Amino acid sequence: MTTDLIEFPALVETRDKLNARRDTLAGIFAEAGPTYDMSLVKSLQGDSNAKVAEIQKLTAEINDLKVDLDKHLVVAKAAGEAKAHADRGERGSAPDAKGDREKKAGKLRPFGQMVVESDAIKGYRPGSGSGPVARLDVDLKTLFSTSNGWDPEDTRTGRVEMYPTRPAPRVIDVFPQTTTSQSTVLYMEETVYENNAAETGEGTQYPEVQLKVDEKSSEVRKIAAFLPVTDEQFEDEERARAYVQNRLPFFLRQRLDSQLLIGNGAAPNLRGLENITGIQSQALGGDPIPDALYKCMRSIRDDGFAEPSHVFIRPSKWESVQLMRTADGVYIWGHPSMPGPRTIWGVPVVESTAGSASKASMGDFTNFSEVAVRRGIDVQISNSHGGFFIEGKLAVRADVRVAVIFYRPKAFGVVTGL
């Protein structure tokens, strides 16, 4: 049984406006052709930017009208259902004389018989989707319900909704990774380079040049975590073990992400990019963020003789860049409908909350950084912690040992004051 919608002026007017706007938009795209050439569109005035702006305005109107129409349809459907219910009440149904006689005599038919003989069953037609509604005169005290019977058996889905936190690590993906068998990574850095080479006349002294190399080091540090779990949790829920063993390494990688950018270097911390001595620094000052980022990139190129490979910036700071528009409303860093990776001045942008809230960091990670792994993530389970053995508990622990190296500090930089 279907319910007729009750149409009213506001619904009709909104629907007509919506259809008209849709037809207009379809006509514009038809004019533009499969290549969306705005120069072919004659129904709109101005250049391509102006025509795109009109399309965006028209799209917004369509969205608003669709919302209004949906609201009107809810009202129309409710009115139709109310009318249908009233019509059914007026028609009524023939009284069940037999049922009345039995009720007066103090005899009630079995519940199953009442259902079979009801209008709902008699009036049902296969494939109709619904049938007449029957109301049975049953003493509620005799019903077997969930309050004095079984609760329905429900099965939980397999989904586990994770706590909202910084997503899968992205900083570590930018760093080249190697392995080391040492507790400290040692390397040599050329700290003095004085090139006095020059054209020299016959019989004159050669210009002296200077070179000096110093030993540099980066300590291997450990990032660790542990979680207490009862024996019963692992025994009674087969997914619990996999969940814990996957979640603990995530904690470690997430912590490593922040250490690579903001670690202060004081043991047992790693020394992250923002705390490396000798990196480039550019204050935002009165510049727009794109200008400040470019000036820092230029310093890396001019003074560090390197090409920045990535920029790390907080999503809240990148937002102002992504939403920058011209005076006439055209997005500078690409229209919202445009797919593709985020870049600024041609350098890939990684949005991450791992770095400082007021800084953006960048550098040539490809050529002048490295994460040396002494030992990868190791997960162990034991009941030997404290009184866990007699308490029926398990200690699940995970750790990783790594060192981070920034071989050429001047190949990296930060923009401050964001």
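To be clear, the structure that these remarks concern was listed above.
The shown structure was predicted, so the numbers you read here are calculated from the model rather than taken from an experiment. (Residues numbered from 1 in each chain as written. Predicted model: local features only at pLDDT ≥ 70, side-chain atom pairs only at ≥ 80, totals over all residues. Heavy atoms only, no water.)

Q: Could you give me a rundown of the sheet that holds strand 4 (residues 221-230), with the residues and numbers involved?
A: Pairing is mixed in the open sheet, where four strands are placed in the order 1-10-11-4. Single-partner strands in this sheet number two, and they are strand 1 (177-179) and strand 4. Geometrically, the sheet is characterised by an average inter-axis angle of 30 degrees between neighbouring strands, direction not taken into account. (Pairing = 2+ DSSP bridges. Helix = DSSP H or I, 4+ residues; strand = E, 2+ residues; numbered from the N terminus. Axes fitted to C-alpha atoms, helices over the stretch in contact; angles between N-to-C directions.)

Q: An account of the sheet that holds strand 5 (residues 280-283) is needed here, citing residue identities and associated values.
A: Spatial strand order, 5-12-9-6-8-7: six strands in an open sheet with mixed pairing. The open sheet has two edge strands with one neighbour each: strand 5 and strand 7 (343-344). Looking at chain direction, strand 6 (residues 310-313) and strand 9 (residues 360-363) are connected through three bridges and run antiparallel. Within the sheet, the bridge partner assigned to H310 lies in strand 9 and is G363.

Q: For the environment of A395, give the residues involved together with the corresponding values.
A: Mapping A395 onto the fold places it in strand 11 (residues 393-406). What makes A395 buried here is its relative accessible area of 12%. Expressed as a C-alpha distance, the spacing of A395 and P228, which sit 167 residues apart in the sequence, is 4.7 Å. (Buried < 20%, exposed > 50% of the residue type's maximum accessible area, 1.4 Å probe, protein only.)

Q: Provide a residue-level description of helix 7 (residues 238-262), including the pertinent values.
A: In this model, helix 7 (25 residues) spans 38 Å end to end at C-alpha, consistent with the 36 Å of a helix rising 1.5 Å per residue. Put simply, E237 is the residue that caps the front of helix 7, since its side-chain oxygen is 3.1 Å from the backbone nitrogen of R239. (Expected span 1.5 Å × (residues − 1). Polar contact = N/O pair within 3.5 Å; in protein donor to acceptor, adjacent residues only side chain to side chain.)

Q: Mind laying out unusual backbone geometry, listing which residues take part and the relevant values?
A: The linkage connecting A267 with the following residue, P268, adopts the cis geometry, with an omega of 10 degrees. On the secondary structure map, P268 appears in the loop between helix 7 and strand 5. Phi at F305 is positive, roughly 50 degrees, even though this residue is not glycine. Tracing the chain through its elements places F305 in the loop between helix 8 (289-303) and strand 6. Here W345, not a glycine, exhibits a phi torsion of approximately 55 degrees, which is positive.

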